[in-house]
Amino acid sequence: MEWGSALRELSTAIDHLAVEDPSEIPRLQLAEQLIELHWQMARLQAQIARRTAVRAPGA
């Protein structure tokens, strides 16, 4: 996934969650959305690390 595409996808996911009332979303659907958001953020962090040569200690 390209950097710009990943950032747009993450932004869209955040915006989508921001406009919804969590009390109106079934718990399973909310959990799925939050998990997907988590993975999008993790992928973006990995891309940032690769592009800036940042690595975890001991890696």
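Since this is a predicted model, take the numbers as computed values, not measurements.

Asker: It is not clear to me how the nonpolar core should be interpreted in this structure. Could you clarify?
Answerer: Among soluble globular proteins, nonpolar side chains are generally buried collectively. Judged by nonpolar contacts, A6, L10, A13, L17, L37 and L44 together constitute the single largest core of 6 residues. Put simply, the parts of the chain that give this core at least two residues each are α1 (3-19) and α2 (27-52). Element by element, the count of residues in this core is highest for α1, at 4 residues. Excluding residues within four positions of it along the chain, L37 makes contact with L10, A13, I14 and L17.

Asker: Can you help me understand the environment of E2 in this one?
Answerer: Within the secondary structure layout, E2 lies in the segment before α1. With 42 residues separating them in the primary sequence, E2 and L44 have C-alpha atoms 9.7 Å apart.

Asker: How should α2 be read in this particular structure?
Answerer: Since the α-helix turns once every 3.6 residues, residues separated by three or four places project in the same direction. For α2, which comprises 26 residues, the first-to-last C-alpha distance of 37 Å matches the rise-based estimate of 38 Å (1.5 Å per residue) to within 8%. Listing the buried residues of α2 in full gives Q33, L37, Q40, L44, Q47 and A49. In the segment just after α2, A53 is the residue with positive phi, at about 60°.

Asker: Quick question: what am I supposed to make of the side chain of Q33 here?
Answerer: Along the polypeptide, Q33 turns up in helix α2. A residue is classified by how much of its surface remains accessible, and Q33, at 16% relative accessible area, is buried. Ignoring sequence-local partners within four residues, the contact set of Q33 consists of H16, L17, E20 and I25.

Asker: Can you help me understand the environment of M41 in this one?
Answerer: Among the structural elements, M41 can be located in helix α2. Residue class for M41 comes out partly exposed when judged on its relative accessible area of 39%. As a C-alpha pair, M41 and S11 span 30 residues in sequence and 9.8 Å in three-dimensional space.

Parameters at a glance
- Residues numbered from 1 in each chain as written.
- Predicted model: local features only at pLDDT ≥ 70, side-chain atom pairs only at ≥ 80, totals over all residues.
- Heavy atoms only, no water.
- Core = buried A, V, L, I, M, F, W, Y, C linked by side-chain atoms within 4.5 Å.
- Buried < 20%, exposed > 50% of the residue type's maximum accessible area, 1.4 Å probe, protein only.
- Helix = DSSP H or I, 4+ residues; strand = E, 2+ residues; numbered from the N terminus.
- Contact = heavy atoms within 4.5 Å.
- Expected span 1.5 Å × (residues − 1).

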